[in-house]
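Remarks on the overall topology
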Amino acid sequence: VEAHKRLKDHLDIDSIKIGIGGSMGGQQLLEWAVQEPDFFETIVPIATNAKHSAWGIAFNEAQRMALKSASDVNEGLEAARAIAMLSYRNQDTYNATQSDEDDRVDEFSASSYQQYQGTKLRERFSPYSYYYLSKAMDSQNVGIGRNGIANALSQINAKAVVIGIETDILFPLGEQEVIYNYIPNAVFYPI
């Protein structure tokens, strides 16, 4: 958020009509809106939270363990991404898109999908960045030094359109409901 604020100052931007962010981008959006309550006219946090959950931290730690335990850091990144994919999707999604209807006993579609996602990320992302981004996500808590989450979010003056995804296992609806409950000008839409 500090980097975004520096860029905003450099570009001489006085306000933003609408800020949208999902997942970690939503975490950043909330932090920025708390730091500068009048900067945004409207914010749209999507599938995010005001404080990262123990569940989310556990997923991230499993990914970091994969990164650290691999003899090749790029293979570790592939394994970390495969772990993350399990939190981005759910059982119904995998069953609908990766089930095999034949009688195979190896080379499953779900396996090749996980490998493909790992390779795809490795080709475009640094394992070191991935590690530290997950640590940053774990530290998300807009209430630190602000007398708690409720007090921090209540300072936001922007209108808020809070969106949650009913099937999201990493950021369940209850986390978006917290955001909705404490931002004064908020509406909530589960999809």
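Before reading on, note that the structure itself is shown above.
No experiment lies behind these values; they were computed from the predicted model shown.

Another point: the environment of N185. Structurally, the position occupied by N185 is in the loop between α9 (173–182) and β4 (186–190). Sequence separation between N185 and A158 is 27 residues; the distance between their C-alpha atoms is 6.8 Å. Setting aside residues up to four positions removed in sequence, N185 forms contacts with N157, A158, K159 and A160.

Counted according to the given criterion, the structure contains ten salt bridges. In this structure, R64 engages D138 in a salt bridge whose closest nitrogen and oxygen atoms are separated by 2.7 Å. Taken together, the residues span a long stretch of sequence, with R64 in helix α3 (residues 54–69) and D138 in helix α7 (residues 127–138) at a distance of 74 residues. On the basis of relative accessibility, which here comes to 13%, the residue D138 falls in the buried class. Overlapping salt bridges, with partners in common, bring together K8, D9 and E36 in one network.

A few words on the sheet that holds strand β3 (residues 159–164). Strand order in the open sheet formed by four strands is β1-β2-β3-β4, and the pairing between neighbours is parallel. Looking along the sheet, the strands with just one partner apiece sit at the ends: β1 (16–22) and β4. The mean inter-strand angle of the sheet, taken between neighbouring strand axes irrespective of direction, is 15°. With five bridges connecting them, β3 and β4 associate as parallel partners. Its bridge partner lying in β4, V161 is registered against V187. Across the sheet, α9 lies against β2 (40–46), β3 and β4, angled at about 165° from β4, the strand it touches most.

So, about unusual backbone geometry. Even without being a glycine, S23 presents a positive backbone phi close to 55°. Turning to its location among the elements, S23 is positioned in the loop between β1 and α2 (24–35). Unusually for a residue other than glycine, N147 sits at a positive phi of about 60°. Tracing the backbone through its elements, the reader meets N147 in the loop between α7 and α8 (149–154). Take N147: its relative accessible area is 74%, and that puts it in the exposed class.

About the thresholds
Residues numbered from 1 in each chain as written. Predicted model: local features only at pLDDT ≥ 70, side-chain atom pairs only at ≥ 80, totals over all residues. Heavy atoms only, no water. Helix = DSSP H or I, 4+ residues; strand = E, 2+ residues; numbered from the N terminus. Contact = heavy atoms within 4.5 Å. Salt bridge = Lys/Arg side-chain N within 4 Å of Asp/Glu carboxyl O. Buried < 20%, exposed > 50% of the residue type's maximum accessible area, 1.4 Å probe, protein only. Pairing = 2+ DSSP bridges. Axes fitted to C-alpha atoms, helices over the stretch in contact; angles between N-to-C directions.

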